[in-house]
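Each chain, letter by letter, is given below.
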Amino acid sequence: MARLDPHSWNDTTQPETERLTWRAKVDFATRTLEAEAELTFRLPGAGSLDLDTRDLAIASVSTSDGKPLEFMVAAPDPILGARLRVILPEATAGIRIRYRTAPGASALQWLTPAQTAGGEHPYLFSQCQAIHARSVVPLQDTPRIRIRYRAELTVPVRLRALMAAAFVGREERGAVAVERWEMPQPIPPYLFAFAVGDLVSRDLGARSRVWAEPAVVERAAWEFATVDAMLHTAEELFGPYPWERFDLLTMPPSFPYGGMENPRLTFLTPTLLAGDRSLVNVVAHELAHSWTGNLVSNASAEHFWLNEGFTVFAERRIVEALGGVGGGGDSDGEEVALQAAIGRRDLDRDLEQFRDRPDLTRLRTHLEGIDPDEAFSRVPYEKGYLFLRTLEESVGRAAFSAFLRRYIDAFRFQTLTSEEFAAWLAKELPEAVAQVDVAAWIDGPGIPAGAPAPRSARLDAIARLDGRLPDDATARAWTPTEWQLFLESLARPSPQETCRALDQRFQLTASGNHEVLVAWLVVAAESGYAPALPRIEEVLASVGRMKYLKPLYTALAKAPSTRDLARRCFARCRDGYHPIAQQVIEAVLQQHHA
Ligand code: BES
Ligand code: ZN
């Protein structure tokens, strides 16, 4: 018995799944999937097979050729879910499981028509990272076991099903349509993804199109129009794009993340539609995952920085090569410096948050008994980025870029641990290892001394203001990134007078850029500036992105005068949030006794 991933029941001595064949009927009335999963093994095996499940009602298990098999579902573990154990007879090549998902499946969000942009049709989407795939499919839910799959989704005929896979075909049969998809490249199960809704698309380039509800698709096509240039830039940096297509899906507002790198079909929050392409670095980030994360994957959530730290590094390389976000003609690297400065501020805030849990500030974490959603922070992102920048500075950009290409080549379609990375680094880049304290970066808490600091003239100008309001000419020239940095530099609480002047002169409450808007609303809430409260309530009611919910609920819950408002807002909005977001906000409120 050997369990290597603390978030999976997978036993590495048992047969490994190589291929999944999945059929599911989407029932909006009961909010369930009636499904069948066939798992085919790399090699035929026998004995116990342990699978991950969460809230699945297992109807039957048989061999691929229909012979019934003995199985038991163990009592659920609160983090891992319930182990499904199947007893395999001699030389079993695969098994077939019939089951039904629960209406509260943690990976799924079922939206009523009222929760969509069009207001007429229901919507369903999945979010499997880190360990939610098991609430949709019984499988070995660990990135260590890559699977290829074929899938068949039966949906109401008015709707479209999309998967993070290659489209095979659609067949209409009366009231329903059957959509077939295929994923020919092996993926970690957390990248299994689909969405069902009233979806249409616009082509953006030879390899990309954007999908969205009809009411949103034109705005999305405009905002993401630079994706083809991004794809070419990324290929120059990291090698040929390995997934054929790079399509985008603009999600409903309750999508809990900014973006999710589902292969061939990146999921994006609609809060990116700022109307000025200022937030498309998130697209660059998800695109970068095509190499760092999807091609070379972390072996478990304990090595998440291998996915996210490398991807933030790659994202900023893409943004730099493009000359700023949205191709803004920023040739001096200022935009990247500003973004790195925001990253550093977020990182410092999270380090402060984890003051009592220094273990969670390591790059390589130990998460036995800890839910990855609870351990989530900017640490793997921004500390990982700083570590890679430190390595880069020690050997120079050319040598580090070459190293990165070799790394991607060496581990493509594989998973690795932090220890495996450190060993490879020592072999491939000994000059770096001689200068950098790799162990302190990977296994130590906090940020080692001498971490690179972003430098930029525009950053210095904001620092020189020292919290004083900018003059009109200065403010007019600011990008949203500069606004965000400025707002985050303000004192908490700031005087009412400052808040009023800021809002009246610069119309911050009306900002269409959610990064700027939320940075402002957090200052306002932390300053007890009451005129901003109605807008905060609106944002909490209309957006489910955790990056915005968390600081806003925290700011409200921290202050006695708004604690009750936080509780009432959550009671009212809760049903509209994704199950993962519900859980995270509940923890925030509990922490502040709201
Ligand atoms: N893979 C993550 C999102 C994620 C992380 C989902 C952990 C589930 C568990 C994605 O690539 C991501 O990092 N998104 C960021 C984008 C940002 C760093 C540009 C986000 O959602 O804000
Ligand atoms: Zn990411």
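Here the structure is shown first, and the text comes after it.
Scoring rules and cut-offs
Residues numbered from 1 in each chain as written. Chains lettered and ligands numbered in written order. Predicted model: local features only at pLDDT ≥ 70, side-chain atom pairs only at ≥ 80, totals over all residues. Heavy atoms only, no water. Helix = DSSP H or I, 4+ residues; strand = E, 2+ residues; numbered from the N terminus. Buried < 20%, exposed > 50% of the residue type's maximum accessible area, 1.4 Å probe, protein only. Near = heavy atom within 4 Å. Polar contact = N/O pair within 3.5 Å; in protein donor to acceptor, adjacent residues only side chain to side chain. Areas by Shrake-Rupley, 256 points an atom, 1.4 Å probe, with all protein chains shown as cover. Nonpolar A, V, L, I, M, F, W, Y, C, P; charged D, E, K, R; others polar. Pairing = 2+ DSSP bridges. Axes fitted to C-alpha atoms, helices over the stretch in contact; angles between N-to-C directions. Contact = heavy atoms within 4.5 Å. Donors = N, O, S within 2.8 Å, 3.2 Å for Na, K, Ca; no water. Tetrahedral: all angles 85-135°; square planar, octahedral: opposite > 155°, others 65-115°.

Peer 1: Would you explain unusual backbone geometry in this entry?
Peer 2: Across the chain, the bulk of peptide bonds are trans and the bulk of non-glycine residues have phi less than zero. Of the consecutive residues Gln 129 and Ala 130, the connecting peptide bond is found in the cis state with omega at 0°. Note that Ala 130 resides in the loop between strand 7 (123–126) and strand 8 (147–156). Note that the residue after Arg 492, namely Pro 493, is joined by a cis bond; omega there is -10°. Its location among the elements puts Pro 493 in the loop between helix 14 (480–488) and helix 15 (496–506). Not every positive phi belongs to a glycine, and Arg 264 is a case in point at roughly 70°. With respect to the element layout, Arg 264 can be found in the loop between strand 16 (259–260) and strand 17 (265–268). Among the residues examined, Arg 264 registers a relative accessible area of 6% and is labelled buried. For Phe 413, which is not glycine, the phi dihedral falls at a positive 60°. With respect to the secondary-structure elements, Phe 413 resides in the loop between helix 8 (397–410) and strand 19 (414–416).

Peer 1: When you look at the site of ligand 1 in this model, what are you seeing that I'm missing?
Peer 2: By nearness alone, 17 residues border ligand 1, and Gln 129, Gly 258, Glu 261, Glu 286 and Tyr 381 come closest of all. Here an oxygen atom of ligand 1 and a side-chain polar atom of His 285 are 3.2 Å apart. At 2.6 Å from an oxygen atom of ligand 1 is found a side-chain nitrogen or oxygen belonging to Tyr 381. In the complex, 94% of the free accessible area of ligand 1, which totals 520 Å², lies under the protein chains. Every element with two or more residues in the shell around ligand 1 is listed here: strand 16, helix 3 (281–288) and helix 4 (304–322). Residue composition of the shell around ligand 1, grouped by class: 6 nonpolar, 6 polar and 5 charged.

Peer 1: Looking at this model, I keep getting lost on the sheet that holds strand 7. Mind explaining?
Peer 2: Hydrogen bonding along the main chain pairs the strands of a sheet, whether they run parallel or antiparallel. Strand order in the open sheet formed by 4 strands is 6-7-12-9, with antiparallel pairing between adjacent strands. Each having just a single partner strand, strand 6 (108–111) and strand 9 (160–163) make up the two edges of the open sheet. Recorded for the sheet is a direction-independent mean angle of 10° between the axes of neighbouring strands. Where strand 7 lies against strand 12 (residues 194–197), 2 bridges are found, and the strand directions are antiparallel.

Peer 1: Please clarify how the pairing of strand 11 (residues 176–187) should be interpreted in this entry.
Peer 2: It is a general feature of regular strands that their side chains alternate between the two faces of the sheet. Two strands pair when backbone bridges link them, and strand 8 and strand 11 are joined in this way by 9 bridges, in the antiparallel orientation. Its bridge partner lying in strand 11, Arg 150 is registered against Glu 182. In this sheet, strand 11 lies alongside strand 10 (residues 166–173) in antiparallel orientation, the contact comprising 7 bridges. Counted as the bridge partner of Ala 166 is Glu 182 from strand 11. The turn linking strand 10 back onto strand 11 is made up of 2 residues, and Gly 174 within it adopts a positive phi angle of 65°.

Peer 1: Hey, could you run me through the environment of Arg 362 in this one?
Peer 2: Locating Arg 362 in the fold gives a position in the loop between helix 5 (334–353) and helix 6 (372–375). The class of Arg 362 is partly exposed, set by a relative accessible area of 23%. Between the C-alpha atoms of Arg 362 and Trp 441, which are 79 residues apart in sequence, the distance is 7.6 Å. Beyond its immediate stretch of four places on either side in the chain, Arg 362 contacts Val 379, Lys 383, Ile 442, Asp 443, Gly 444 and Pro 445. Side-chain polar atoms of Arg 362 contact the side chain of Asp 359, separated by 3.2 Å. In terms of polar contacts, Arg 362 uses its side chain to reach the backbone carbonyl oxygen of Asp 443, at 2.3 Å.

Peer 1: Explain the coordination of the zinc ion (ligand 2) here, please?
Peer 2: Six octahedral donors around a metal ideally subtend angles of 90 or 180 degrees, whereas four tetrahedral donors ideally subtend 109.5 degrees. Around the zinc ion (ligand 2), the protein contributes the donor atoms His 285 (NE2), His 289 (NE2), Glu 308 (OE) and Glu 308 (OE), which lie 1.9 to 2.7 Å from the metal centre. Coordination at the zinc ion (ligand 2) is irregular: its 6 donor atoms span angles of 53 to 158° at the metal. Spacing between the donor residues of the zinc ion (ligand 2) along the chain follows H-x3-H-x18-E. Pair noted here: His 289 is in the loop between helix 3 and strand 18 (296–298) and Glu 308 is in helix 4, with a separation of 19 residues, a long-range link. Looking at His 289, the relative accessible area reads 1%, which means it is buried.

Peer 1: What should I look at first to understand the pairing of strand 2 (residues 32–53) in this one?
Peer 2: Of the strand pairs in this sheet, strand 1 (residues 17–27) and strand 2 are connected by 10 bridges, and their pairing is antiparallel. Bridged to Leu 20 within strand 2 is Leu 39. Taken together, strand 1 and the strand that follows it, strand 2, pair antiparallel across an intervening segment of 4 residues, in which Arg 31 is found at a positive phi of about 55°. As defined by bridge partners, strand 2 adjoins strand 5 (residues 82–100) across 15 bridges and the pair is classed as antiparallel. The residue bridging Ala 35 from the neighbouring strand is Tyr 99, located in strand 5.

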